[in-house]
Amino acid sequence: MSGQLFSNVRGNGEVIILLHGLFGCSDNLSRVAKELSEDYEVHSLDLRNHGKSFHSSEMNYDLMAFDIIRYMDGNNIQSAILLGHSMGGKVAMTMALMHPERVIKLIVADIAPVHYEAHHQEIITGLCSVNFDIVNTRREVDRILSKTISSVGVRQFLLKNLLITDNKKISWKINLKGITENYTNIQAGMAVGSTFSKPVLFIAGGLSDYIKAEYKKATMNLFPKAEMKVISGTSHWLHAEKPRIFVNICLRFLQ
């Protein structure tokens, strides 16, 4: 099953497409979108199995890159700047490597083009443990999640996935089954045997361990014009913790 991706569009100018991370949605990058829309036409997308976009039993980076191509074709966008955070960064990198003619520049937030060991087990366990047949309030969901997820911030992030259905029941917006069954595909590194020779900016969180020195060779092999900026005092959620600094770094790179 496939369909058109849900999007929020604002601003005018050269097109920037924003791609969120795992368990996220387009709203996660809303502050960045608002700031960038003063100079650009910003398209914030919900990736497949997330937000308001379609659900599918299939999920990998090639398919998600194709979703972006189909979205661009459907909106008469010949080429665009891509900005992706975490999983969205891997989608953006795959897109740049597979369809370089459609990508003007690339910004990747706190992720490298490498395989990552599984590190979302507590989140997946927590999300799967919510039984919506007997749970019907946000507070109850938070209490259940707290059994496996200690971070209040992470739980608040996950609770944005709650959907109130027509009959006043609640459920997850995300396709939890589709995501969990394809989790090994989400861990994967870039399997594309090509390079992207246009400008690429990697932005890392100073307190995050998602981008390590040992990933540099693999990164430069794929993206020979890559440069790196680090935002000190930020975790993996660098764009939410220091949005003004994040946007300024993006704008300097783009302009």
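Here, the structure is the one placed above.
So, how was this worked out
- Residues numbered from 1 in each chain as written.
- Predicted model: local features only at pLDDT ≥ 70, side-chain atom pairs only at ≥ 80, totals over all residues.
- Heavy atoms only, no water.
- 1 Å grid on protein atoms, 1.4 Å probe; cavity = no way out; pocket = protein on both sides within 12 Å on 5 of 7 lines; lining within 4 Å.
- Points joined across faces, edges and corners; volume = space filled by probe spheres on them.
- Helix = DSSP H or I, 4+ residues; strand = E, 2+ residues; numbered from the N terminus.
- Nonpolar A, V, L, I, M, F, W, Y, C, P; charged D, E, K, R; others polar.
- Buried < 20%, exposed > 50% of the residue type's maximum accessible area, 1.4 Å probe, protein only.
- Pairing = 2+ DSSP bridges.
- Arc of directions from axis to C-beta.
- Contact = heavy atoms within 4.5 Å.
- Salt bridge = Lys/Arg side-chain N within 4 Å of Asp/Glu carboxyl O.
- Axes fitted to C-alpha atoms, helices over the stretch in contact; angles between N-to-C directions.
- Parallel < 35°, antiparallel > 145°, perpendicular 65-115°, else oblique.
- Left-handed = near helix turned anticlockwise from the far one by under 90°.
- Phe/Tyr/Trp six-rings, centres within 6.5 Å; stacked < 30°, edge-to-face > 60°.
- Lys NZ or Arg CZ within 6 Å of the ring centre and 35° of its normal.

**Brief notes about the layout of surface pockets**
Consideration 1: Computed from the structure, the largest pocket encloses a volume of approximately 760 Å³.
Consideration 2: Surrounding the largest pocket, 37 residues form its lining, Ile123, Phe157, Tyr210, His236 and Trp237 being those nearest its centre.
Consideration 3: Within the residue set of the lining of the largest pocket, elements represented by two or more residues are α1 (30–36), α3 (87–98), α4 (121–128), α6 (152–159), α8 (183–187) and α10 (238–241).
Consideration 4: Of the residues contributing to the lining of the largest pocket, the split by class is 15 nonpolar, 15 polar and seven charged.
Consideration 5: The volume enclosed by the second largest pocket comes to roughly 180 Å³.

**Digging into the pairing of strand β4 (residues 80–85)**
Consideration 1: The element β4 is largely enclosed, with a buried count of six among its six residues.
Consideration 2: Neither face of β4 is left uncovered, since the one carrying Ala80, Leu82 and Gly84 and the one carrying Ile81, Leu83 and His85 both have all their residues buried.
Consideration 3: In the sheet, strand β2 (residues 15–19) pairs with β4 via four bridges, with the strands oriented parallel. When the sheet's bridge partners are listed, Leu18 is paired in β4 with Leu83.
Consideration 4: Taken together, the five bridges between β4 and strand β5 (residues 103–109) define a ladder with parallel strand orientation. Paired with His85 across the bridge in β5 is Ala109.

**Things to note about α4**
Consideration 1: The complete set of buried residues in α4 reads Ile123, Ile124, Gly126 and Leu127. The buried residues of α4 all sit within an arc of 165 degrees when viewed along its axis, so they share a single face.
Consideration 2: For α4, the elements touching its buried residues are α5 (138–145), α6, β7 (170–172), α7 (176–181) and α8.

**Remarks on the environment of Met93**
Consideration 1: Take Met93: it is sitting in helix α3.
Consideration 2: Here Met93 falls in the buried class, since its relative accessible area comes to 0%.
Consideration 3: Placed 70 residues apart in sequence, Met93 and Phe23 show a C-alpha to C-alpha distance of 19 Å.
Consideration 4: Beyond its immediate sequence surroundings of up to four residues, Met93 is in contact with Leu106, Val108, Ile111, Ala112, Pro113, Met190, Phe202 and Phe223.

**A short note on α5**
Consideration 1: Within the sequence span of α5, burial applies to Val141, Asp142, Ile144 and Leu145. All buried residues of α5 project into a common sector of 160 degrees when viewed along the axis, lining one side.
Consideration 2: On its buried face, α5 is in contact with α4, α6, β6 (162–164) and β7.

**Regarding the pattern of salt bridges**
Consideration 1: Tallying each qualifying case throughout the model produces seven salt bridges.
Consideration 2: The closest approach of N and O atoms between Arg102 and Asp73, which form a salt bridge, is 2.8 Å. You can see Arg102 sitting in the loop between α3 and β5 and its partner Asp73 sitting in helix α2 (residues 61–74), a full 29 residues away along the chain.
Consideration 3: With relative accessibility at 45%, the residue Asp73 sits in the partly exposed group.
Consideration 4: The partner of Arg155 in a salt bridge is Asp142, and the shortest N-O contact between them spans 2.7 Å.

**A word on the packing of α5 against α6**
Consideration 1: At their nearest, the axes of α5 and α6 sit 10 Å apart, and the two run at 135 degrees to each other. Classed by the angle they form, the pair α5 and α6 counts as oblique. Handedness of the crossing formed by α5 with α6: right-handed. Along the contact surface, α5 presents Arg138, Val141, Asp142 and Leu145, while α6 presents Arg155, Gln156, Leu158 and Leu159.
Consideration 2: A per-class count over the contact of α5 with α6 returns four nonpolar, one polar and three charged.

**As for the packing of aromatic side chains**
Consideration 1: According to the stated counting rule, one finds six aromatic pairs in the structure shown.
Consideration 2: Relative to Trp237, the ring of Phe157 lies with its centre 4.8 Å away and its plane at 50 degrees, an arrangement referred to as tilted. With Phe157 in helix α6 and Trp237 in the loop between β9 (226–231) and α10, this residue pair connects regions lying 80 residues apart in the sequence.
Consideration 3: In this structure Phe157 comes out as buried when scored by relative accessible area, which is 13%.
Consideration 4: In this structure Trp237 comes out as partly exposed when scored by relative accessible area, which is 30%.
Consideration 5: Arranged with centres 6.4 Å apart and planes meeting at 65 degrees, the rings of Phe196 and Phe223 form a pair that is edge-to-face. Of this pair, Phe196 sits in the loop between α8 and β8 (200–205) while Phe223 is found in the loop between α9 (216–222) and β9, placing the two residues 27 residues apart along the sequence.
Consideration 6: Here Phe223 falls in the buried class, since its relative accessible area comes to 0%.
Consideration 7: The rings of Tyr116, Tyr210 and Tyr215 are connected pair by pair, giving a single aromatic cluster.
Consideration 8: Stacked on the ring of Phe253, the Lys or Arg Lys105 has its end atom at 5.2 Å from the ring centre.

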